[in-house]
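# Observations on chain architecture
One-letter residues, chain by chain:
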Amino acid sequence: MSDVTEIYTWYSYRRDEQPLVSINWNSLISAVKSVNLLIDSLPQEHRQRIEEPKPFLDQDSFNPQGWVGTYNLGGSLLRVIPNPELLSREDFYSMVRELIGWAEYVGPFFEDFLRFYCCEPTFKFLFPLSYSNHLKTYTELIVSHFIPRRIVSEEKVGYELSGPLVWSKALYTFLGQQNTLVFKKTRTNLNTLTNMLLVRFHAEILKDINAVYRQITCSFSNEFGELQQAIKTSILYHNEFIGSNPWNSLLQQSVVEDFESATTYQKLRNEARGVWSELVDLWESYRSKKSELTNFGKRFDSAIKPLSKLYELWCLKKLCEILNIDNDKIKNFSQLIFFEMQEQSCKLHYGRSLHEFSGILSNLGIDPGIPDFLIQCDRKSYVL
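Residues numbered from 1 in each chain as written. Predicted model: local features only at pLDDT ≥ 70, side-chain atom pairs only at ≥ 80, totals over all residues. Heavy atoms only, no water.

### Here's the deal with the state of the cysteines
Tallied over the entire structure, the rule returns one disulfide. Shown here is the disulfide that connects cysteine 346 with cysteine 377, its sulfur atoms set 2.4 Å apart. Between cysteine 346 and cysteine 377, the S-S dihedral sits near 105°, and the bridge is therefore right-handed. Here cysteine 346, found in strand β11 (residues 344-350), pairs with cysteine 377, found in strand β12 (residues 373-377); they are 31 residues apart in sequence, far enough to count as distant. Per residue, the accessibility class of cysteine 346 equals that of cysteine 377, and both read buried. (Disulfide = S-S within 2.5 Å. Helix = DSSP H or I, 4+ residues; strand = E, 2+ residues; numbered from the N terminus. Buried < 20%, exposed > 50% of the residue type's maximum accessible area, 1.4 Å probe, protein only.)

Written out as structure tokens, the structure reads:
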């Protein structure tokens, strides 16, 4: 289990003082750089609604500003929570737990929120690359030793003996005057569960690492140049392995094999020995970590996000509860939700530019800003 260090928002910490003295500073520099690059890549219309400045770090100090979440630093985690003078630890975690529970019902909306206002950077990007490197190491060990084979014995009929005679059938064929022989032929093939798992593992990593490469390439130009090059090298390696002999002959069967089945898993464990057993462990770890990345709650909890937007999201949840808005109506972001209130047809706006209402405030000589929420009904509108 990784060590977790907690620090507070809006506070500058020196690297040579507690609690950062034991932190790998170079890993933190890389993580903060990635976060800030991702903040810059957020859609413009949403980025301009974020009040908090970007996290700041130099050679001597780190200030997370108003961004909460978890920085993954390899062997340790640096978790940023609100300054308790502004929001108590208990209230913060209560708010997060509420939102994670809500995420189970409004998953697509949370997916958009993560995309527009949060940073899930280094772990999501480096996760498949890290496992790719481990898989390369095990693959080189495996191919340098004996590759497991299945021994298949089957009966053959022919005019020449090419294996041990099947005596129980020899008399039958002789009396039948076929002048043929029944014998056993032994052959080997590579269709073992361990071999198929190795090919499947390469195929899964290749698919995931290709997706990461497309995401980085579309979102950034040269900011992640070193990472892009490392990913390209891994893509080439996995492609070559899957396409090489004899592994290419196992690909089709390996992708349909149900490695999640309890029966198959038990057979796999019984078959795996030595380095193969470690490969199965690595596969289990990969599948477990990958499932975490598809869990909205865990992703939301660890993503680096502006505290103001976290609070906004909690307020939206409370508004929906007060207005009795069904979770099924909360589909995606930016949000326009239709509901009924006091026999009126109403709309709840969140995260939307509403110039028509801002104009009303401007005519009154008031700086309209951008409302967090607006309830628009047939006869009246409410700015919140």
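### Points about the sheet that holds strand β4 (residues 61-63)
Backbone-to-backbone hydrogen bonds pair the strands of a sheet. The strands run either parallel or antiparallel. Strands sit in the order β2-β4-β3 across an open sheet of three strands; the sheet is antiparallel. Single-partner strands in this sheet number two, and they are β2 (13-14) and β3 (56-57). As defined by bridge partners, β2 adjoins β4 across two bridges and the pair is classed as antiparallel. Paired with tyrosine 13 across the bridge in β4 is phenylalanine 62. (Pairing = 2+ DSSP bridges.)

### Some words on the packing of aromatic side chains
Applying the stated rule across the entire model yields ten aromatic pairs. Between the aromatic rings of phenylalanine 62 and tyrosine 71, the centroid separation amounts to 5.7 Å while the plane-to-plane angle is 90°, which identifies the pairing as edge-to-face. Residue tyrosine 71 is classed as buried on the basis of its relative accessible area, which comes to 1%. Consider the rings of phenylalanine 259 and tryptophan 283, whose centres lie 6.2 Å apart with planes at 65°: the pair is edge-to-face. (Phe/Tyr/Trp six-rings, centres within 6.5 Å; stacked < 30°, edge-to-face > 60°.)

### Concerning the pattern of salt bridges
Within the structure shown, the criterion is met by 14 salt bridges. The partner of arginine 14 in a salt bridge is aspartate 16, with the nearest N and O atoms 3.2 Å apart. For aspartate 16, a relative accessible area of 47% gives the class partly exposed. The closest approach of N and O atoms between lysine 317 and glutamate 321, which form a salt bridge, is 2.4 Å. Here lysine 317 pairs with glutamate 321, and both are found in helix α13 (residues 307-322), just four residues apart, close to one helical turn. (Salt bridge = Lys/Arg side-chain N within 4 Å of Asp/Glu carboxyl O.)

### Comments concerning the sheet that holds strand β1 (residues 3-8)
With mixed pairing, the four strands of this open sheet are ordered in space as β1-β6-β5-β9. Strands with a single pairing partner mark the edges of an open sheet, and in this sheet they are β1 and β9 (305-306). Examined bridge by bridge, strand β5 (residues 67-72) and β9 share two bridges and lie antiparallel to one another. Looking at the pairing, tryptophan 67 lines up with proline 306 of β9.

### Concerning the side chain of serine 308
With respect to the helices and strands, serine 308 occurs in helix α13. If near-sequence neighbours (up to four positions away) are discounted, serine 308 is found in contact with Glu51 and Glu52. (Contact = heavy atoms within 4.5 Å.)

### Description of the nonpolar core
Within the largest apolar cluster, 59 residues are counted, with the highest numbers of intra-cluster contacts made by Phe62, Tyr71, Trp102 and Leu348. Core analysis: the next-biggest nonpolar cluster, separate from the first, contains 36 residues, Leu129, Leu279, Leu282 and Trp283 among them. (Core = buried A, V, L, I, M, F, W, Y, C linked by side-chain atoms within 4.5 Å.)

### Remarks on the packing of helix α4 (residues 107-117) against α13
It is at 12 Å that the axes of α4 and α13 come closest, and there the two elements cross at 155°. In terms of axis orientation, α4 runs roughly antiparallel to α13. Note that α4 runs across α13; the crossing there is right-handed. Residues Phe109, Phe110, Phe113 and Tyr117 of α4 touch α13, and the partners they reach there are Lys309, Leu313 and Leu316. Here the residues of the contact of α4 with α13 sort into six nonpolar, no polar and one charged. (Axes fitted to C-alpha atoms, helices over the stretch in contact; angles between N-to-C directions. Parallel < 35°, antiparallel > 145°, perpendicular 65-115°, else oblique. Left-handed = near helix turned anticlockwise from the far one by under 90°. Nonpolar A, V, L, I, M, F, W, Y, C, P; charged D, E, K, R; others polar.)

### Side note on unusual backbone geometry
A cis geometry characterises the amide bond from glutamine 18 onward to proline 19, with omega recorded as 5°. Tracing the backbone shows proline 19 in the loop between β2 and α1 (25-41). The residue after asparagine 245, namely proline 246, is reached through a cis peptide bond having omega 5°. Relative to the assigned elements, proline 246 resides in the loop between α8 (225-243) and α9 (251-256). At tryptophan 10, a position not held by glycine, the phi torsion is positive, near 55°. Tracing the chain through its elements places tryptophan 10 in the loop between β1 and β2. Residue glutamine 65 is not a glycine yet carries a positive backbone phi of 55°. Using a relative accessible area of 14% as the deciding quantity, one classes glutamine 65 as buried.

### What about the confidence of the model for the protein?
For the protein, the average pLDDT comes to 80, and 76% of its residues sit at 70 or higher. Looking at the elements of the protein, mean pLDDT is at its lowest for helix α6 (residues 167-175), recorded as 56, and at its highest for β4, recorded as 97. (pLDDT = per-residue confidence, 0-100.)

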